[in-house]
Structure formats: structure tokens, C-alpha cells
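Residue-level listing of the chains:
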Amino acid sequence: MPTTTIAGHEVEVNEEGFLTKPDQWTEDLAPELAKLIGLELTDAHWQLIRFLREDYKAQGETATLRRASTQSGVPVKELFVLFPKKPAKKMAYVSGLPKPKGCV
Amino acid sequence: MSEQSATPVVPSFDDESEEGGRKLAIICSKGNLDMAYPGLILANAALGEGVETHLFFTFWGFDIINKATMGDLKFSFVGNTAMHLPGSSMGIHHMLGALPGATAGATAFMKKQIADLDVPEVPEFLELLSASGAHMWACRMSADMNHLTEEDLFEGVEAIISASDFIEMTDGAQLLFI
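The rules behind these values
- Residues numbered from 1 in each chain as written.
- Chains lettered and ligands numbered in written order.
- Predicted model: local features only at pLDDT ≥ 70, side-chain atom pairs only at ≥ 80, totals over all residues.
- Heavy atoms only, no water.
- Salt bridge = Lys/Arg side-chain N within 4 Å of Asp/Glu carboxyl O.
- Helix = DSSP H or I, 4+ residues; strand = E, 2+ residues; numbered from the N terminus.
- Buried < 20%, exposed > 50% of the residue type's maximum accessible area, 1.4 Å probe, protein only.
- Contact = heavy atoms within 4.5 Å.
- Polar contact = N/O pair within 3.5 Å; in protein donor to acceptor, adjacent residues only side chain to side chain.
- Nonpolar A, V, L, I, M, F, W, Y, C, P; charged D, E, K, R; others polar.
- Axes fitted to C-alpha atoms, helices over the stretch in contact; angles between N-to-C directions.
- Parallel < 35°, antiparallel > 145°, perpendicular 65-115°, else oblique.
- 1 Å grid on protein atoms, 1.4 Å probe; cavity = no way out; pocket = protein on both sides within 12 Å on 5 of 7 lines; lining within 4 Å.
- Points joined across faces, edges and corners; volume = space filled by probe spheres on them.
- Disulfide = S-S within 2.5 Å.
- Pairing = 2+ DSSP bridges.
- Right-handed = clockwise from strand over helix to strand, strands pointing away.

**Student:** Can you help me understand the pattern of salt bridges in this one?
**Tutor:** If the charged atoms of two oppositely charged side chains come close together, the side chains can form a pair. Under the defined criterion, the tally for this structure stands at 16 salt bridges over all chains. The salt bridge involving R67 of chain A is made with D55 of chain A; its shortest N-O contact spans 2.7 Å. In this pair, R67 of chain A sits in helix α3 (residues 65-72) while D55 of chain A sits in helix α2 (residues 43-59), placing the two residues 12 residues apart along the sequence. One salt bridge connects K89 of chain A with E49 of chain B, and the closest N-O pair in it is separated by 3.0 Å. Note that K89 of chain A is positioned in helix α5 (residues 87-94) and E49 of chain B in the loop between α1 (33-48) and β3 (52-57), a pairing that runs across two chains. We classify K89 of chain A as buried; its relative accessible area is 18%. By relative accessible area, E49 of chain B is classed as partly exposed at 32%. Ionic contacts of the salt-bridge type, sharing partners, join the residues R66 of chain A together with D118 and E124 of chain B into one network.

Structure representation (C-alpha cells):
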């Protein structure tokens, strides 16, 4: 796996650029990852990033869009505003998690 | 085998292809529970990938968006000669599906399996698609045949339109007929 340096941290990424080791993610990485995909983080983004991190720790897999919405209480519409076009993937990327595997 | 890249590899989220991006049209023509889900799931997946998605509900597929039926779609295995118990290779003769209670039992079983995967029931699924920006259209001829108006349909349905309207508005789209 290639490594790359983001915000001064050396992290392992897959061929697409997603972090392969969620443990290498720290909170100061998120704004940098966000910037790389054209996002600026607000509190609303952070609420989801923290939810996703917690949920991953508990479930062992990345929450799907529906799960992120139903469990965090943030409406799906809002998720599409915060992380436009591909919310589930973008949330996962910024949170240093693998892409969600579930279909729904 | 580690290689160090100076500039970070960034996933291509294709945000730049705003104009003329990918477009998908799904024609839902069946009203069975097991034939409703494939269209809904694929639409959801496409929306999550930023694909402009249109669904056209026609004939029995109209039951998916008819408020009177959408929460009560059924699964019958009559005619499914490949029928077996889900999660097992044990075959079940499809004509047993014609016995009284078989459809109700099979439907309840399938609904439970779907719920166990945390996949929503049809009405809630439609809400999810709506919130994700799906365009839903109802077929004019099916509405007329069933004597239904927009009032009778799920609120997320934008309009009752003709087949030619649908073909026109899905110009250039990839198409799925289910």
C-alpha cells in the first residue's frame, strides 16, 4: 500500500486515496482531507464525522448513508448538502474510514 | 512494498462533471415485493453516486407508489421454478405457493429478512429516495386504467406523465427495465 503525507502525518492509503488504517486518522487530519475534496468543515460536518468514527468503532464497518442519517438524526437531504453528490463516500473519506459496503 | 507519494492521492469524486453527468432511468413495471426492491435499491445506489436518477412507475409497478398499496406489496413464489428457502439450497415446489396462506407467509418471511438488514419498507424507502433527489414519475395510462390521480400517489411523485414525456426527459440516460 502506498503512503502519503497529509497534515504532517504519514498515512497509508489505497489506490483511490482512502486511508487504509483508520487508526492513523486523527482529528487534525479531517480538515486537510476535506480540503482535498473541496470541502470546508463546519460543526455540522464534525457531528457526522464523530458519529461515523464512533459507529465504526462499535460496528466494525462504515455506516451507510441511511444508517448515518437514521442514527445521527441528520436528514438525508442535509447530508447531500453537507457532502454534495456522494455523501456516503465523502463522509467516509474525511473520517479516514473505508467506503461503506452496505447497499442501503 | 511501500511507496511514498509526495502529493496525496485523492479519490475522484467527479464533481467537475456537473454538466452532462451520468443519468439513469429505471422503469418499474412490477408490483411484487421482490420486484419492487431491485429498482429502489439501484436508484438509491445511483443517487448516492451523484447520478441523476429518474424512476417511471408503470402497470403493476404503480402499486409501489400508490398510497393504498405501497405498504402492502406481496411476494408470491408461484411460477418461480427456482424457488428455494432463502439461505438454504432446499428447493420448494413453486406450486406450493398456491396454497392458502403461502403468499402471506412468504411475504412476512421476506419482509423480516429485509428488515433484518436494516433496509426500510417501501414507503420509507420512497422517502429516502425523495430526500436523495430522485425524480419519480407515474405512468399516465396506468393512472387512467386504475382511475387514480396524483392525490392517490406518494407525495414524492412529481407528476403523472405519458410514456413519450418520459422518453423525452431521459434523453441520453442509461436505462433499466424492471
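**Student:** Honestly, the interface of chain B and chain A in this entry has me stumped. Any pointers?
**Tutor:** Note on interface size: it is often stated as the accessible area lost on association of the parts. At the interface, 30 residues of chain B touch 27 residues of chain A. At the boundary of chain B with chain A, the tally comes to four residue pairs in polar contact (both at pLDDT 80 or more). Looking at the side of chain B that touches chain A, the elements that each hand over two or more residues are β1 (4-5), α1 and α3 (122-131) of chain B. Taken together, the residues of the side of chain B that touches chain A break down into 13 nonpolar, 10 polar and seven charged.

**Student:** Can you walk me through the packing of α2 of chain A against α3 of chain A in this structure?
**Tutor:** For any two helices packed against each other, one specifies the crossing angle of their axes together with the interaxial distance. Residues and elements named next belong to chain A. As a packed pair, α2 and α3 sit with axes 11 Å apart at the nearest point and diverge in direction by 105 degrees. When the axes of α2 and α3 are compared, the pair comes out roughly perpendicular. The residues of α3 that touch α2, namely those facing Q47, L48, F51, L52, D55 and Q59, are R67, A68, Q71 and S72. For the contact of α2 with α3, the class distribution of residues is four nonpolar, four polar and two charged.

**Student:** Please clarify how unusual backbone geometry should be interpreted in this entry.
**Tutor:** The bulk of non-glycine residues show a negative phi, and the bulk of peptide bonds are trans. Residue and element names in this part refer to chain B. One non-glycine residue, D118, lies in the positive phi region at around 65 degrees. By the secondary structure assignment, D118 is in the loop between α2 (102-116) and α3. With a relative accessible area of 32%, D118 lands in the partly exposed category. Although it is not a glycine, H147 adopts a positive phi angle of roughly 55 degrees. The exposure class of H147 is exposed, given its relative accessible area of 71%.

**Student:** Would you take a moment to explain the layout of surface pockets for this structure?
**Tutor:** By rolling a water-sized probe across the atoms, one finds the places where empty space is left. The calculated volume of the largest pocket comes to roughly 400 Å³. Forming the boundary of the largest pocket are 18 residues, of which G102 and V104 of chain A together with L117, D118 and V119 of chain B lie nearest the centre. Each residue belonging to the lining of the largest pocket can be placed in one class, and the counts come to eight nonpolar, five polar and five charged. There is about 350 Å³ of room inside the second largest pocket.

**Student:** What should I look at first to understand the state of the cysteines in this one?
**Tutor:** In a disulfide, the sulfur atoms of two cysteines are held together by a covalent bond. Applying the stated rule across the entire model yields zero disulfides over all chains. With no disulfide of its own, C28 of chain B lies closest to C139 of chain B among cysteine sulfurs, the gap being 12 Å.

**Student:** When you look at the environment of I160 of chain B in this model, what are you seeing that I'm missing?
**Tutor:** Residue and element names in this part refer to chain B. Within the secondary structure, I160 is located in strand β5 (residues 157-161). Given the relative accessible area of 11%, I160 is considered buried. Each residue touching I160, except ones within four places of it in the same chain, is listed here: A138, C139, R140, A143, L148, T149, E150 and L153.

**Student:** I tried to follow the pairing of β3 of chain B on my own but got confused; where do I start?
**Tutor:** Within a regular strand, side chains alternate between the sheet's two faces. All names here are of chain B. Buried residues dominate β3, accounting for five of its six residues. Across six bridges, the pairing between strand β2 (residues 23-28) and β3 is parallel. Bridge pairing in β3 links A25 to H54. With α1 bridging β2 and its parallel neighbour β3, the resulting β-α-β unit is right-handed. The pairing of β3 with strand β4 (residues 135-139) spans four bridges and is parallel.

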